[in-house]
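Coordinate analysis (summary)
Single-letter residue listing:
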Amino acid sequence: MQLIENIRLAFTSLFANKMRALLTMLGIIIGISAVIMITTIGTSIQKTLSNTFNSMGNMNIFDIVIQTDEDTPIFEDDLISREMLDELVTTYPDHFDLEMSESFGNATTRNAKGQTITMNVSGAMDITPAFDHRRGRTICYEDNKQMKNAVYVTDLFINQYFINGEDPIGQTINLTFSNGVSADFVIIGYDELPQIYKRQYAPGTKEIDKTTPIVVPLDTMLHLMHQEPENEFYAMVRYNADYDPVMLQEELQEFFDEKYAEKAGISIYIFNEQSYLGMINTVISIVTIAISVIAAISLIVGGVGVMNIMLVSITERTKEIGIRKALGAQNSAIRMQFVVEAILICLIGGIIGIFTGMLGGMLIGYIAKELVTQFYAEYAELISITIQPSVPAILISVFFSILTGVFFGYYPANKAAKMNPIDALRYD
Amino acid sequence: MSNKVVISMRDIIKRYYIGKPNELQILNGISFDVTEGEFVSIVGASGSGKSTLMNIIGALDRPTEGTYLLGGVDISTLNDVELSRIRNKEIGFVFQTFNLISRTNALKNIEMPMMYAGIPRKQRMQRAEELLELVDMADRADHQPNELSGGQKQRVAIARAMANHPSILLADEPTGALDTKTGRMIMDLFHKLHREEGTTIVLITHSPELAEETQRIVTISDGSIISDTGVRSYAAD
């Protein structure tokens, strides 16, 4: 019941000495706002990185890498074969897709006007589009199995080829490859040209002369080029994120462990590419915490300021303490009164600090964003700086403000509580 | 009037600097009783030990030796928390310099002892308003101490002292900082409280004239009682 009374008393006392209270709070304000500012910037950097990662496309990829003991020689037959990967996809059709592509140089075609259009050909097993402006469908595993003459293009190519604006899906185009082989391909879908390609064109390049990437089934391409799939040291599979990645990784590990069980000295190492982001985030978190701790030292300085003012205050109010004791205030009531006052100073300072810190963090974030877009305009869409105040940091700050109040307020308050009422009453 | 003993002192001795070369004995064995409803004055020159005696009566201090029963409770054996409770409930202090808490209005000052007694806010406010009425200060409830005259401050202080229905009203030179006319009004207020409320009042003073107004005069000199008139017929009015 006395808590409310004490808070009321503390407010009265703070309002009586507004300037002094504000100056005392300044130390706490600076301490808390420094911590908040740093954590705000820290979380912003983390958010930005994760945005950048996400904008690069689907990162749910396992790298499958062959590892050998130092003395074990490795032969063609020991490498990861297409048969193994085919078996993996057929065993777990919903879990994994093969992330496999190969470049096949340039190809050309002619539009209705007879203009030559140049394209950059990749053969792929599966494509997951990074952008969601897709029309039609993408190249899939089945297209490879059946060696379909299917092609996945870009909106730029559509504009170059279809002058009259007809529906491109299902249309057949004739592609001539760098080795002179030519074949008909059916357009199964297209996507917006990724931003990252746009900056590759020299300024002033005509629309018709811009080379765009196209994708065809890898196996179709290998067949056309009279090539065989090669065994690899390294493979990538994309996983379905609807499942637990840890479970999927174990599944994958088991699958390959079985394949390599009889090959002594050769093993398979599996790495989730998502963990790159995790590692970077960990580093940023550590740096943020380390700097925050340094910034928190100013909180101690602020706390000493609070203690100093509280000592002055109780000396000034010795008479009041004596009167209160004569009226029947117990030591604990006096102690509580001054501890609450110290907590209030720190808490108000802390809350102001949180707001100024967030404001400062946002300001720095926006300046950084402006600078980045100024110098790297082409990345403007790719990089988005997210200003996000850290909620745990705010909660911890409030907690530490209160703790500072208790810690630095207790000694003066206890001194007040232990005053001899007779001496205190006599004090002038 | 009833004969219930409120204050009972036996051989009270107070020493300071005990065991040091400058050991000092202020009270040399004080014994006296005050019964309920008495208006008694304790008179003595400065240095006579009357302030020390007042501190002991008011439970601000403990005697070095002897027993002091306040309403039957032995004060000398109580701890700090219990002493606080005694000061809060049994004693109503009135000081020479009023000792109102600054930046706190009259009503809140009167509420303070009740706050420490744990009385709910509503009840406190009601009682405080009644007390302001009693001391004729109802129109000054929300005035701060620095907006009140000396006499008004002392009346608020008396109302505050009465807040928890104390066993004794302990007044230490209550007119000492006031002019004669205002001092007269304050003394009249004490008489009124004594007469109408039946309050037990212990008045500490160095002035024989003021003491003359009370029922009983206890005179102290050099730490000993040198005379005690006993309860006399009421002379005032």
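Residues numbered from 1 in each chain as written. Chains lettered and ligands numbered in written order. Predicted model: local features only at pLDDT ≥ 70, side-chain atom pairs only at ≥ 80, totals over all residues. Heavy atoms only, no water.

Notes on a negative patch on the surface
Residue and element names in this part refer to chain A.
- Taken together, the side chains of Glu76, Asp77, Glu102, Glu230 and Glu232 present a region of like negative charge at the surface.
- Note on placement: Glu230 falls in the loop between α7 (218-224) and β10 (234-239).
- Glu230 gets classed as exposed once you look at its relative accessible area, which sits at 59%. (Patch = residues over 30% accessible without salt bridge, like charges linked within 9 Å, V, L, I, M, F, W, Y side chains within 5 Å. Areas by Shrake-Rupley, 256 points an atom, 1.4 Å probe, with all protein chains shown as cover. Salt bridge = Lys/Arg side-chain N within 4 Å of Asp/Glu carboxyl O. Lys, Arg positive; Asp, Glu negative; His and termini not counted. Charge placed at Lys NZ, Arg CZ, Asp CG, Glu CD. Helix = DSSP H or I, 4+ residues; strand = E, 2+ residues; numbered from the N terminus. Buried < 20%, exposed > 50% of the residue type's maximum accessible area, 1.4 Å probe, protein only.)

Examining the nonpolar core
- Counting 72 residues, the largest nonpolar core has Ile7(B), Met9(B) and Ile57(B) as its most contacted members.
- The dominant element in this core, judged by the number of residues it contributes, is helix α11 (residues 331-375) of chain A, at 12 residues.
- For Met9(B), the residues in contact, after removing those within four places along its chain, are Ile30(B), Ser31(B), Phe32(B), Asp33(B), Leu53(B), Ile56(B), Ile57(B), Thr67(B) and Tyr68(B).
- Grouped together as the second largest cluster of nonpolar side chains are 51 residues, Phe157(A), Met225(A), Leu252(A) and Phe255(A) included. (Core = buried A, V, L, I, M, F, W, Y, C linked by side-chain atoms within 4.5 Å. Contact = heavy atoms within 4.5 Å.)

Remarks on the packing of helix α9 (residues 274-316) of chain A against helix α12 (residues 391-417) of chain A
Residues and elements named next belong to chain A.
- Two elements in contact, α9 and α12, have axes whose closest approach is 9 Å; the angle formed by their N-to-C orientations is 30 degrees. Taken as axis vectors, α9 and α12 run roughly parallel relative to one another. For the pair α9 and α12, the crossing hand works out as right-handed. Residue-level inspection shows Leu299, Ile300, Gly303, Val304, Met307, Met310, Leu311 and Ile314 of α9 in contact with α12, the latter providing Phe400, Thr404, Phe408, Tyr411, Pro412, Lys415 and Ala416.
- Among the residues forming the contact of α9 with α12, the class breakdown is 12 nonpolar, 2 polar and 1 charged. (Axes fitted to C-alpha atoms, helices over the stretch in contact; angles between N-to-C directions. Parallel < 35°, antiparallel > 145°, perpendicular 65-115°, else oblique. Left-handed = near helix turned anticlockwise from the far one by under 90°. Nonpolar A, V, L, I, M, F, W, Y, C, P; charged D, E, K, R; others polar.)

What to know about helix α5 (residues 150-161) of chain B
- Its 12 residues give α5(B) an end-to-end C-alpha distance of 16 Å, which sits within 8% of 16 Å, the value for a rise of 1.5 Å per residue.
- For α5(B), the tally of buried residues reaches 10 of 12 residues, placing the bulk of the element in the interior.
- Restricting attention to buried positions, one finds in α5(B) the residues Gly151(B), Gln152(B), Gln154(B), Arg155(B), Val156(B), Ala157(B), Ile158(B), Ala159(B), Arg160(B) and Ala161(B).
- Contact partners of the buried residues in α5(B): α10 (318-326) of chain A together with β6 (91-94), α3 (106-116), α4 (121-134), β7 (168-172) and α6 (180-197) of chain B. (Expected span 1.5 Å × (residues − 1).)

Regarding the interface of chain B and chain A
- Contact residues are listed per partner, giving 23 residues for chain B and 23 residues for chain A.
- At the junction of chain B with chain A, the criterion picks out 1 salt bridge.
- For Arg124(B), the salt bridge identified is with Glu5(A), shortest N-O distance 2.6 Å.
- Our count for the contact surface shared by chain B and chain A stands at 4 residue pairs in polar contact (both at pLDDT 80 or more).
- Of all the elements in the fold, those that place two or more residues in the side of chain B that touches chain A are α2 (80-89), α3 and α4 of chain B.
- It is α2(B) that provides the largest number of residues to the side of chain B that touches chain A, a total of 5 residues.
- Its residues placed into classes, the side of chain B that touches chain A shows 10 nonpolar, 6 polar and 7 charged. (Polar contact = N/O pair within 3.5 Å; in protein donor to acceptor, adjacent residues only side chain to side chain.)

What about the pairing of strand β3 (residues 39-43) of chain B?
Residue and element names in this part refer to chain B.
- The buried count for β3 comes to 5 of 5 residues, which makes it a mostly enclosed element.
- Neither face of β3 is open: one carries Phe39, Ser41 and Val43, the other Val40 and Ile42, and all of them are buried.
- Where β3 and strand β8 (residues 200-205) come together, 5 bridges link them in parallel fashion. Directly across from Val40, in β8, lies its bridge partner Val202.
- Across 4 bridges, β3 lies against strand β9 (residues 216-221) in parallel orientation. Directly across from Val43, in β9, lies its bridge partner Thr219. (Pairing = 2+ DSSP bridges.)

Some remarks on the pattern of salt bridges
- Enumeration over the complete set of coordinates arrives at 28 salt bridges over all chains.
- Of the charged contacts in the structure, one is a salt bridge between Arg324(A) and Glu320(A), with a shortest N-O distance of 2.8 Å. Highlighted residues: Arg324(A) and Glu320(A), both in helix α10, separated by 4 residues, approximately one helical turn. Side by side, Arg324(A) and Glu320(A) carry an identical accessibility label, which is buried.
- The residue Arg127(B) makes a salt bridge to Glu130(B) at a minimum N-O spacing of 4.0 Å. Taken together, the residues Arg127(B) and Glu130(B), both in helix α4 and 3 residues apart, mark about one turn of the helix.
- Through salt bridges with shared partners, a single ionic network connects Glu5(A), Arg8(A), Glu111(B) and Arg124(B).

Interpretation in functional terms is not warranted from these geometric data alone.
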